[in-house]
Amino acid sequence: MKPTFLGKLVFTACMAIPLSALAASWPEQPIRLTVGFPAGTGPDIVARSVGDQLSKEIGQSVVVENKAGAGGQIAAQSVATSTPNGYSILLGEVGSISISPETTSTLSYKPQKDFAPITEAVRANFVLVTPADSPYKSLKDFVDNARKNPEKFNMATFGAGTPGHFGAEMLAEAGGFKIEPVHYRSTGDAVTAIVSGQVQAAFITTAMAAPQLAGGKMRALAITGSERTKMLGDIPTFKEQGMPSVNFGAWFAFFAPAGASDAVLDTLNQKIVAALKHEQVQTTLENAGFVITASSRDQLKELLVSEQKTWSEVVKKTGFKIN
């Protein structure tokens, strides 16, 4: 059946409407914000604090959905296959976006192809922690003992191929010793293993370490980054202690499925950045140990290119792969 003259006229008129006009009424329904870690963890704190303020910025509900597992891959896959209309967004992080593509040949999504960057939200350094009653009073104690007793040293991770896993490998290479990584299914299980003394040590983010250290459940030996953090100012950096190569961090950023319009992505960037700069959100995130970045879309794209190169080299050195 051939289109009528009127049908052609309507189609032509619709095509003439700029994308900005089509997106002018966006959003018209709640937004689903997916995070790949359990409630109460650092990523969840970021998602919920930003989500609450974002709902006020856009006049629609922002529903946070926790899809934990596989180091954030389950959540990433969920959003990657969602309709690219801006109503489904992801709080992604360095593991699922920059590391997993280098370690997992069967990864079901391709970050550079399947996601549209919105904004980097926050960053956090990692702290090397041991059980509170461990015999290690300093990083030097830890390294010396690891060299003398390699068969006794294991370190917890929040999953194979995660930043904490490769951080442990970095530390072992820099210190000239070997460790056995013990991969746990959840952050809670790994933290329990550290506190109870089932493992020698682990790398955890400053956000996760702060309450454990304040409660006297762990001891901190060193922190990644070029300088000490505001929250944990008494913990010396690896660089200060003669191990500058042990330097990595976590970042968390917002993404939409690839194919979302520039108009919607620009609006999301503006509104999320505004939420991140809100005084209450800043207080919440900084108290949790995060540094707020609130980047442009292009700045996040540049970060992804840089991180892909960095983690590709790290993974290549270790030879680690997930089949």
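Here the structure is a predicted model, which is why all the values come from computation and not from measurement.

Caption draft 1: Quick look at the pattern of salt bridges. For the coordinates displayed, the defined rule picks out eight salt bridges. Residue Asp-44 is joined to Arg-48 by a salt bridge in which the shortest nitrogen-to-oxygen separation is 2.8 Å. Remark: Arg-48 and Asp-44 occur in helix 3 (residues 42-58); sequence separation between them is four residues, near one turn of the helix. A network of salt bridges, in which partner residues are shared, links Asp-262, Asp-266 and Arg-297.

Caption draft 2: Quick look at the layout of surface pockets. Each pocket or cavity is described by its volume, and for the largest pocket that value is around 710 Å³. Lining the largest pocket are 28 residues; nearest its centre among them are Arg-123, Ala-124, Asn-125, Ala-250 and Val-291. Of all the secondary structure elements, the ones that give two or more residues to the lining of the largest pocket are strand 4 (115-131), strand 9 (249-257), helix 12 (279-287), strand 10 (291-292) and helix 13 (297-318). No other element matches the four residues that helix 13 contributes to the lining of the largest pocket. There is about 550 Å³ of room inside the second largest pocket. Taken together, 34 residues line the second largest pocket, and the ones lying closest to its centre are Phe-37, Gly-71, Gly-72, Phe-158 and Thr-162. Looking at the lining of the second largest pocket, the elements that each hand over two or more residues are helix 5 (94-103), helix 8 (163-175) and strand 9. Broken down by element, the lining of the second largest pocket gets its largest block of residues, five residues, from helix 5. For the lining of the second largest pocket, the residue count by class is 14 nonpolar, 18 polar and two charged.

Caption draft 3: Geometry of the packing of aromatic side chains. As enumerated under the stated definition, the model contains 13 aromatic pairs in all. Ring geometry for Trp-26 and Tyr-87: centres 5.8 Å apart, planes at 40 degrees, overall tilted. Of the two residues, Trp-26 sits in the loop between helix 2 (19-22) and strand 1 (31-35) while Tyr-87 sits in the loop between helix 4 (73-80) and strand 3 (88-93), which places them 61 residues apart along the sequence. Each member of the pair, Trp-26 as well as Tyr-87, carries the same accessibility label: buried. Connected via pairs of aromatic rings, a cluster forms that spans Phe-126, Phe-203, Phe-238 and Phe-248.

Caption draft 4: View of empty space enclosed by the protein. Evaluated as defined, the whole model comprises one cavity of 30 Å³ or more. As for the largest cavity, its lining consists of Gly-36, Phe-37, Gly-72, Ala-75, Leu-90, Leu-91, Gly-92, Glu-93 and Ser-96. Examining the composition of the lining of the largest cavity, we find that four residues originate from one element, strand 3, more than from any other. Classifying every residue of the lining of the largest cavity gives four nonpolar, four polar and one charged.

Caption draft 5: Up close: the packing of helix 3 against helix 11 (residues 262-276). Across the interface, helix 3 lies against helix 11 with an axial gap of 9 Å and an inter-helix angle of 125 degrees. Between helix 3 and helix 11, the angle falls in the class oblique. Crossing of helix 3 over helix 11 shows right-handed handedness. Of the residues in helix 11, those touching helix 3 at Val-50, Gln-53, Leu-54, Glu-57 and Ile-58 are Lys-271, Ile-272, Ala-274, Ala-275 and Leu-276. By residue class, the composition of the contact of helix 3 with helix 11 is seven nonpolar, one polar and two charged.

Rules used in this analysis
Residues numbered from 1 in each chain as written. Predicted model: local features only at pLDDT ≥ 70, side-chain atom pairs only at ≥ 80, totals over all residues. Heavy atoms only, no water. Salt bridge = Lys/Arg side-chain N within 4 Å of Asp/Glu carboxyl O. Helix = DSSP H or I, 4+ residues; strand = E, 2+ residues; numbered from the N terminus. 1 Å grid on protein atoms, 1.4 Å probe; cavity = no way out; pocket = protein on both sides within 12 Å on 5 of 7 lines; lining within 4 Å. Points joined across faces, edges and corners; volume = space filled by probe spheres on them. Nonpolar A, V, L, I, M, F, W, Y, C, P; charged D, E, K, R; others polar. Phe/Tyr/Trp six-rings, centres within 6.5 Å; stacked < 30°, edge-to-face > 60°. Buried < 20%, exposed > 50% of the residue type's maximum accessible area, 1.4 Å probe, protein only. Axes fitted to C-alpha atoms, helices over the stretch in contact; angles between N-to-C directions. Parallel < 35°, antiparallel > 145°, perpendicular 65-115°, else oblique. Left-handed = near helix turned anticlockwise from the far one by under 90°. Contact = heavy atoms within 4.5 Å.

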